[in-house]
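# Chains, contacts and geometry: an overview
Below, each chain spelled out in residue letters.
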Amino acid sequence: MKTIKTPIYDRLLDISSKNTIYFQLPGHHKRTNQFLDFNILPSFDTTETFGTDNLHEPEEIIFESMREVSRVYGSKESIYLVNGSTSGIHIAMMSVTKPGDSVLIQRNSHVSAYNGSILGRLNVEYIMPEYDSSIQLVGGIDVHKFKELIQNNRSIKACVLLHPSFYGVCSDLCEIIDIAHKNGVIVIVDEAHGPHLSFSDRLPKSAIELGADMVIHSAHKTLPSLTQTAVLHICSDRVNIDRVRSVSRLLQTTSPSYIFMTSIEKAVAYMDSFKGREDLDTLIGNINRFNESISKIDRIKLLGNKSESLFYDRDITKIHFEIEGIRGTDLIDILHRDYNINMEYADFRYVIGVTSVMNTEDDFKYLEDALGEIASNNTYDETEDLDMKLIEPKQIIPIYEAFNSENKTVKLVESVGSVSASYIIPYPPGIPQLAPGELITDEHVEIVEKYKDKGISIVGLNKDMIDIVGV
Ligand SMILES: Cc1ncc(COP(=O)(O)O)c(C=O)c1O
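In what follows, the accompanying structure is described.

Enumeration according to the criterion identifies eight aromatic pairs in this entry. Summarising the aromatic geometry, the rings of Tyr114 and Tyr423 are spaced 6.0 Å apart at their centres and angled 80° between planes, so their arrangement reads as edge-to-face. With Tyr114 in helix α4 (residues 111–119) and Tyr423 in the loop between β18 (407–411) and β19 (425–427), this pair connects stretches of sequence that are 309 residues apart. One exposure class covers both Tyr114 and Tyr423, and it is buried. A ring pair is formed by Phe290 and Phe321, whose centres lie 6.3 Å apart and whose planes are at 65°; its orientation type is edge-to-face.

Take a look at the structure:
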C-alpha cells in the first residue's frame, strides 16, 4: 500500500543527525537535561482529565504552577500561553481596550502588535525608533518624542513597547513608563526576548521590575523551554484581571499542551534556582570573553560604544557582530554551511546570535575560531551599505478597516497613491515598512527595488504584486 510522503519528519531527522551548534531559538538549543526531559513524551501529553486541572478555569495544579511563576517574576498574576508571545500580545491589547480605542505602537514592533490592532479594531499611532544610517542600526525610542506624542494624543489608551528588541536594544523604559502612567496610558511591554533578564543583575532590568502594566515573555526564546511556550504577566491594578482571563479564553485553544506548560514551569524553576542563576552568570562571563577575543580579530566589529546615542541599554546575551566586507546575510550562510553553526538572524550588515544558558564555553570558542578563519580567508568584498531606515507611515484608514476591505491586486509600481491592504515586511529585519491602511508612495517602490537587488525577501508581495484597498 502506498503511503503519503513525510517530508517534515524526514527533513527534521536529517537536520537532527547533524552536530550543529545553536546560537538560535529555541532557547533549549536542542540539549536535553534534567529540567527539560524530552522523555516525558508521550506520557505527559494529556487533556483536562482527572487531576490535571484546566488552563481556562485553573484551580489546582495549573493555578499553583502559574502562581509560582508569578512569584518568581514579581507579577500580580501570570498566565501560561501555548501559542507564543503572539497570542499574549493579542490578549494584552484586547484586554485593556475596546474597539475604536487608540493605541501607540513602537513602529519596529513584531507583526503581532499590528495584528492585535486588527483583531481589536484599534486605531494606531506609531512611535518611530531612533536610527543611525552610518551603522544601519535601529535603536530605542526617544523619551522626549514619546512624551510629546502621548501629550498630543490624549485619546491613546495603551502603548505597546519593545524591550529588548531583536538586536538586544533597550530604551529608557523606566522614564517612559513613568510618563505613560502620568498621562493615564497603560503600558504593555513585548519582552518576548527578555524572560531571562530577571535572573541576573548584570543585564538590563525586566519591564516587570520597571513598572510596566503587562509584560509578555516568550519562554522558548531565551529560556530552556519548548517552542510556542510563553507567559503573559499582569503587573498592576490598572489592568482588570478578569477581563484578561476572558480574552485569554477567547484566543487560546481549549486543548493547551501539558508538555508546553510543564516545560515553562520547569524552565522557570531552573532559572530561579541557584544553579540556573549561576549558569546565567557563567554565560555572561563567556559572552564577555568572546566579545573581547573577537574584537581583536582584524575586520571583526562589535556594536561597542559607537551606538550609545541610539539606545539606553543593551542585552548582551544577543551576540552581535559584523565582518567588514562580508554581508551579514552571507556570513550567516557561511557559518551554517561550512561550520555547522546556526545563528539566529542576519541583516545586510550584522549577524545576531541568541544565546542561552545552554551554550557552553566550547560553543563560543568554536564560533570564535570559525569567525577568525572566515575573517582571514575571505576576500575583502567592499560590500556597499543598505539603508534600512524605516519609512514614516501615512495612515489613510484604520489598519483593521483596510485589512477587512474589498481589495484588488495590482503591480507595486502601479500602486503608488493607493491605500495598501497588506504589509510590506522585508526579512531581514522583519519590521513592517508598510501596513494595511497606509498610503503607498514612491519611497516604498524604491526600497522594494533596492531590497530585491540585495536578495532581501519581502513578505506581503506576491511576485511584485500588492493588495490595495478598493475594487
Ligand atoms: C519582538 C517579538 N515579539 C513577539 C514575537 C512573537 O513571539 P512568539 O514566536 O513567541 O509568538 C516575536 C517573534 O519572533 C518577536 O521577535
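So, on to the site of the ligand. The local shell around the ligand holds 13 residues, among which Ser85, Thr86, Asp190, Ser218 and His220 are the closest. Take Ser85: an N or O atom from its main chain is 2.8 Å from an oxygen atom of the ligand. One nitrogen or oxygen atom from the side chain of Lys221 is found 3.1 Å from an oxygen atom belonging to the ligand. If the ligand stood free it would expose 390 Å²; the protein chains cover 84% of that surface.

Okay, the pattern of salt bridges next. Inspection of every chain in the model, using the stated rule, returns 24 salt bridges. With a shortest N-O distance of 2.8 Å, Lys182 and Asp178 are connected by a salt bridge. You can see Lys182 and its partner Asp178 sitting in helix α6 (residues 173–182), four residues apart, about one turn around the helix. Exposure remark for Asp178: the relative accessible area of 34% places this residue in the partly exposed category. Between Lys452 and Asp464 there is a salt bridge, with its nearest N and O atoms 2.9 Å apart. Of this pair, Lys452 sits in helix α15 (residues 442–453) while Asp464 sits in the loop between β20 (457–459) and β21 (465–469), and the two are twelve residues apart along the sequence.

Cut-offs used in this document
- Residues numbered from 1 in each chain as written.
- Predicted model: local features only at pLDDT ≥ 70, side-chain atom pairs only at ≥ 80, totals over all residues.
- Heavy atoms only, no water.
- Phe/Tyr/Trp six-rings, centres within 6.5 Å; stacked < 30°, edge-to-face > 60°.
- Helix = DSSP H or I, 4+ residues; strand = E, 2+ residues; numbered from the N terminus.
- Buried < 20%, exposed > 50% of the residue type's maximum accessible area, 1.4 Å probe, protein only.
- Near = heavy atom within 4 Å.
- Polar contact = N/O pair within 3.5 Å; in protein donor to acceptor, adjacent residues only side chain to side chain.
- Areas by Shrake-Rupley, 256 points an atom, 1.4 Å probe, with all protein chains shown as cover.
- Salt bridge = Lys/Arg side-chain N within 4 Å of Asp/Glu carboxyl O.

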